[in-house]
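Each chain, letter by letter, is given below.
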Amino acid sequence: MSKGLKLTDILVTVVIAIVFGVIYKLWSPLYAAVAPLGLHVDQLLYGMWFIAATVAFLIIRKPGVAFLAEVAAASGEFLMGSEWGLEVLIYGVLQGLGAELVFMLFLYKRFDLLVVSLAAVGSTIGSLIMDFYKGYIGDLALWNLSLFMGARVIGAILIAGVFAYVLVKALEKTGVTNLVRSANQSDYDALNQ
Amino acid sequence: MKETWMYKINPTVKLVGLILLFIQILTIHNINILLNLTIIVCLTFFLFNGFPLKIVALLLLPFILVFLSTSSSMILFGKGDTTWIKWGLIHITEESFFRGIHIGTRALVFAFLGLLFTLTTKPVLLFYSLMQQARLKPKYAYSFLAGYRLIPIMYEEFKVIHQALKVRGIQRKKGLSTIPSKLKAYCIPLLSQSIRRAHRIGVAMEAKKFSSNGKRTFYYQVGFSVNDLYFIALLIGFSFVSYTFGHFYPYFPIQDVRYQ
Amino acid sequence: MDPFMKVENLRLKFPKEKDLLFKDLNVSINKGEKVLLLGPSGCGKSTLLQVLAGIIPRSIEVPMKADQLVLPDSSGYVFQDPDSQFCMPYVDEEIAFVLENLQTPRDQMKQKISHYLGKVGLQLSDLHTNIQTLSGGQKQRLAIASILALEPEVLFLDEPTAMLDPEGTIEVWNTIEGLMDQQTLVIVEHKIEHVMRLVDRVIVFNQSGEIIADGDKDEIIKSYLPILRMNGIWYPGVWDEYMSEHPRVTLEEKISDQPLMSLRDFEVVRKKESVVKVPVVDVYSHEWIAIVGENGAGKSTLLQGIMQLLETKGEYHLSGKKVTKKRELFHELAYVFQNPEFQFVTNSVEDELAHSLKVFHTEEHLIAEKVEEMLTRFSLEDHREKHPYQLSMGQKRRLSVASSIMQNQRILLLDEPTFGQDSKNTFALLEFLEQERQIGTTILMITHDEQIVEQFATRRWIISKGELSRDETVGKMNQFGLLHV
Ligand SMILES: Nc1ncnc2c1ncn2[C@@H]1O[C@H](COP(=O)(O)OP(=O)(O)OP(=O)(O)O)[C@@H](O)[C@H]1O
Ligand SMILES: Nc1ncnc2c1ncn2[C@@H]1O[C@H](COP(=O)(O)OP(=O)(O)OP(=O)(O)O)[C@@H](O)[C@H]1O
Ligand SMILES: [Mg+2]
Ligand SMILES: [Mg+2]
């Protein structure tokens, strides 16, 4: 078959990403508002920024989709005038890569809760890399740093892992996922009856 | 709104320029330099964004939150030796304070640069430019364009879902406990509609002979102009001025905010 | 000689469906032929058209196979649904997209864009108009214009005029006729009055997707009339036949003096601008009001205002009580959107029908009974488990009508409920509505079909340029009719 994603795959991915881009944009004031509470309550909410990758991959199930979705969502958020400005693009790239690598490790063959949660952790690692450079989080007191990373991982697993999984299950009920996934071999076999 | 020269910069040049500046800022650990840069970027932003001050002010409001949220934990819990305040878990030191201010300021610069870009760039032209100057594959560019077209449609769709629920009689209960079911009543159809629509548009595009690899002409030709040169000069000027002044006229006796 | 377009022993089956849609179907079409596909709603016309255009399986994966498949190199396809075939936000950009694909030099684009828009009669003061602000009919014209820009070898048209006003319909068919000497044309259309003169060959399908007649159009009309009639397909003279068999019933019941709905200086507002104005009207029970007018006149907007989906100004009373923002109207008014897809809120045909009854806490067995009745009445019984979006256009339309009138509201607001239907289902729907009317329901129905107005409506509103410009009685009413209005 042709290499790379088909136009319809890309379009669907981008559109899913843009839906989440809008959500990302709405999410950031919420996040920023709880942040000054201290003790990293905000980090529990951080996982929302990883969800485009996992949801898009669960729906389309093809290589490259997770990365594309995360980058597209970030650029959508960016072009809507994010208060985080340019950095969302770079975060998007790293987070997308994190999730994509996890799905790749499982050869793009597994779509269960465990793998999705691992992908969420993958995105978390991507975002932490940036935070080390940009936010000097390595210079936080050790107990505080552990709290920070712990909260982010838990939030990521809950939102970008479990919630994404449930969301896609609900979407599957609407039959929309059949549009973008390949038909079963059994359906082809039925042609010969 | 009035179109300043910033609007006329080639979008790809603008984007690449800003990303390079972004990377450079990541290497600045001297708060003096960063503060200078922030002041210049801020000035540039207000001079050239071209929007009425009222609208801009509204957009800038969240910036305060961004500053607070990025700097606060570092100020309160960062490593440092020169203690200012110690109160329970909170430990504010001179080092952590300046480091906190540094990263807060850094987030502010990024925010200003980002907003300046979005305010002065039309998405359609950005993607046409990326296709023409950065060899972005049309299948990606048009997917993004079609995607952006769907944003207002999604908003309409949201209204339509709301109308449909009204017409078909979904009860209008109030209270926190109905939030999950409401979320579901809106989110799932919105997502599934958007996916269906995206798929159909993809089909229609292919039916209109869109091919991912074929050559194409462009309705909008995005070229270069002398403004691009001004822009590059401006960016170089930014760095030069802030480094020079940062070194020779520092505000604080700090060279590197990182913990040694 | 190689055939120009041919499928041999085509088998096709939608995923998860029990039966094949096509089983060993054979079609072959020569260059320059103009073919009309006729068949009852849901028989597979749109699907076949997509196979011939190469859309299935290239862009839409559906399990299929064929012994031989010869398809044209370039084809243009006008989709049944006007809303989702555009990929750019503005009118000019949409046509430019096609021109770009064809590598038209940039300096010729502007002129070509106006040229193609002119061909379909889409007059806009500014080419750079947002597509979202066009009416359904205007959108369909734009879709045709952008396909014309493709200059395709074969033109596939899937009910391109289903949403157009009579003038627009004639105009579009004239346009297509004007450009077609050598053009190969494959058309799906239920309403054949205008299209018959364009085509020279007709292929007729039955309900199960088999070809039951194929030949010269005059031949088909002459020899296959009974078959067409039996399969519920439109054919020339259907209406005359229908009218002679079903003489128009005159209204026997006395209309009460109390109006059900009354509007005074009523205006519907869109983005702070008043789009339709209605000075004074009163609506009574037993009335069937046909709302007619050209595309973009404001018909749908008016109904949406009456349903309170848009903001309105002026006085509006229902059953003597003032309508306010708080008042929930879905008990009293049923509403059918122009786009059937807007209507659907559940995941299966059955659930969709049961939905509004459940909202009213109707007892389970009553729901089941009523759902069953509607499934049969609207020929949907074989599709009960499908997702509403997987239905054919006609089926969607029927489902949207059926699901919204489940709770016996006293007033039905219907936005083009009969477009895209075969004759059997059209008459079934109209007769159902007529029954309802006779027991006192009021019907406000937007339609472009003059025959429906003549045969069924009791009153006609003409909307033109955002104003109710005429309000007149139609049909033979007895003295109790609308004479007191
Ligand atoms: N994605 C799908 N999944 C399952 N069934 C489908 C799907 N799409 C169409 N069908 C079914 O296939 C049949 C043929 O549909 P098609 O749209 O080709 O009908 P049609 O002849 O064009 O009807 P109409 O005149 O109402 O538009 C219908 O019964 C429809 O319910
Ligand atoms: N969502 C919308 N936003 C803004 N303007 C709209 C919208 N929908 C329709 N309009 C405009 O309102 C006017 C009336 O549109 P409306 O849909 O009521 O026409 P209509 O009489 O129903 O036409 P048709 O026969 O094509 O369905 C048109 O000029 C149209 O461009
Ligand atoms: Mg059809
Ligand atoms: Mg309308």
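No experiment lies behind these values; they were computed from the predicted model shown.

Draft legend 1. Just the packing of aromatic side chains, in detail. Counted under the stated rule, the structure contains 45 aromatic pairs over all chains. Ring geometry for tryptophan 84 of chain B versus phenylalanine 98 of chain B: centroids 6.4 Å apart, planes at 75 degrees, classification edge-to-face. With tryptophan 84 of chain B in strand 1 (residues 83-87) and phenylalanine 98 of chain B in helix 4 (residues 94-120), this pair connects stretches of sequence that are 14 residues apart. Since its relative accessible area comes to 11%, phenylalanine 98 of chain B is described here as buried. Each member of the aromatic cluster is reached from another via a ring pair, and the members are Tyr128, Tyr142, Phe210, Phe218, Tyr219 and Tyr220 of chain B together with Phe97 of chain C. A cation over a ring is seen here: arginine 152 of chain A above tyrosine 46 of chain A, with NZ or CZ 3.6 Å from the ring centre. Cation over ring: lysine 14 of chain B sits above phenylalanine 117 of chain B, and NZ or CZ is 5.6 Å from the ring centre.

Draft legend 2. Expanded view of the site of ligand 1. All names here are of chain C. Around ligand 1, 21 residues are found, and the nearest of them are Ser41, Ser46, Thr47, Lys386 and Ser392. For ligand 1, an oxygen atom lies 3.3 Å from a polar atom in the backbone of cysteine 43. In this structure, lysine 45 approaches ligand 1 through a main-chain N or O atom, which is 2.8 Å from an oxygen atom. For the shell around ligand 1, the class distribution of residues is 5 nonpolar, 12 polar and 4 charged. Both domain 1 (5-242) and domain 2 (261-473) contribute no fewer than three residues apiece to the shell around ligand 1.

Draft legend 3. Main features of the interface of chain B and chain C. Chain B puts 39 residues into the contact, and the matching count from chain C is 59 residues. Carbon and sulfur atoms make up 54% of the area that chain B and chain C hide from each other, which totals about 4600 Å². Together, Arg168, Lys208 and Tyr219 of chain B form the three largest contributors to the area buried by chain B at its contact with chain C, with a combined 21%. At the boundary of chain B and chain C, one finds 3 salt bridges. A salt bridge links glutamate 94 of chain C to lysine 208 of chain B, with the shortest nitrogen-to-oxygen separation between them at 2.6 Å. Remark: the boundary between chain B and chain C carries 19 residue pairs in polar contact (both at pLDDT 80 or more). Each residue belonging to the side of chain B that touches chain C can be placed in one class, and the counts come to 20 nonpolar, 7 polar and 12 charged.

Draft legend 4. Quick peek at the site of ligand 2. Every one of the 20 residues lining ligand 2 counts as a neighbour, but Thr133, Gly296, Lys299, Ser300 and Thr301 of chain C are closest to it. Taken together, the residues near ligand 2 originate from chains B and C. In this structure, an oxygen atom belonging to ligand 2 sits 2.4 Å away from a side-chain N or O atom of threonine 301 of chain C. Out of a free accessible area of 630 Å², ligand 2 has 82% covered by protein chains. Listing elements by their share of the shell around ligand 2, those giving two or more residues are helix 5 (136-148) and helix 10 (299-306) of chain C. With 3 residues, the single largest contributor to the shell around ligand 2 is helix 10 of chain C. Shared between two domains, the shell around ligand 2 holds at least three residues of each, these being domain 1 (5-242) and domain 2 (261-473) of chain C.

Draft legend 5. Just the coordination of the magnesium ion (ligand 4), in detail. Donor atoms from the polypeptide that bind the magnesium ion (ligand 4) are Ser300 of chain C (OG) and Gln338 of chain C (OE1), placed at 1.9 to 2.2 Å. Residue serine 300 of chain C is located in helix 10, and its partner glutamine 338 of chain C is located in the loop between strand 16 (333-336) and helix 11 (349-359); the two are separated by 38 residues in the primary sequence.

Draft legend 6. The pairing of strand 10 (residues 211-216) of chain C, seen in detail. Residues and elements named next belong to chain C. Where strand 9 (residues 201-205) lies against strand 10, 5 bridges are found, and the strand directions are antiparallel. Across the sheet, the residue bridging to phenylalanine 205 is isoleucine 211, located in strand 10. Here strand 9 folds back onto strand 10 in antiparallel fashion, the turn holding 5 residues, of which glycine 209 has a positive phi close to 75 degrees.

Draft legend 7. Here's a closer look at the domain arrangement of chain C. Residue and element names in this part refer to chain C. Domain assignment breaks chain C into domain 1 (5-242) and domain 2 (261-473). Spacing between the C-alpha centres of domain 1 and domain 2 amounts to 28 Å. Taken together, the contacts link 24 residues of domain 1 with 31 residues of domain 2. Of all residues in domain 1, Met163, Trp239 and Tyr242 bury the most surface against domain 2, accounting for 29% of the area lost on that side. A salt bridge links lysine 191 to aspartate 449, with the shortest nitrogen-to-oxygen separation between them at 3.1 Å. Our count for the domain 1 to domain 2 interface comes out at 9 residue pairs in polar contact (both at pLDDT 80 or more). At the level of secondary structure, the elements contributing two or more residues to the side of domain 1 that touches domain 2 comprise helix 5 and helix 9 (238-245). If one sorts the elements of the side of domain 1 that touches domain 2 by residue count, helix 9 sits on top with 3 residues.

Draft legend 8. Structural context of the nonpolar core. Counting 202 residues, the largest nonpolar core has Tyr128 and Tyr142 of chain B as the members making the most contacts within it. The element contributing the most residues to this core is helix 1 (residues 7-34) of chain A, with 16 residues. Setting aside residues no more than four positions away along its own chain, tyrosine 142 of chain B makes contact with Tyr128, Met131, Met205, Phe210, Arg216 and Phe218 of chain B together with Met88, Phe97 and Glu100 of chain C. Among the nonpolar cores identified, the runner-up in size contains 36 residues, and Phe266, Tyr316, Leu329 and Leu444 of chain C belong to it.

Procedures and definitions
- Residues numbered from 1 in each chain as written.
- Chains lettered and ligands numbered in written order.
- Predicted model: local features only at pLDDT ≥ 70, side-chain atom pairs only at ≥ 80, totals over all residues.
- Heavy atoms only, no water.
- Phe/Tyr/Trp six-rings, centres within 6.5 Å; stacked < 30°, edge-to-face > 60°.
- Helix = DSSP H or I, 4+ residues; strand = E, 2+ residues; numbered from the N terminus.
- Buried < 20%, exposed > 50% of the residue type's maximum accessible area, 1.4 Å probe, protein only.
- Lys NZ or Arg CZ within 6 Å of the ring centre and 35° of its normal.
- Near = heavy atom within 4 Å.
- Polar contact = N/O pair within 3.5 Å; in protein donor to acceptor, adjacent residues only side chain to side chain.
- Nonpolar A, V, L, I, M, F, W, Y, C, P; charged D, E, K, R; others polar.
- Domains from an automatic or database assignment.
- Contact = heavy atoms within 4.5 Å.
- Buried area = accessible area lost by both parts, 1.4 Å probe.
- Salt bridge = Lys/Arg side-chain N within 4 Å of Asp/Glu carboxyl O.
- Areas by Shrake-Rupley, 256 points an atom, 1.4 Å probe, with all protein chains shown as cover.
- Donors = N, O, S within 2.8 Å, 3.2 Å for Na, K, Ca; no water.
- Pairing = 2+ DSSP bridges.
- Core = buried A, V, L, I, M, F, W, Y, C linked by side-chain atoms within 4.5 Å.

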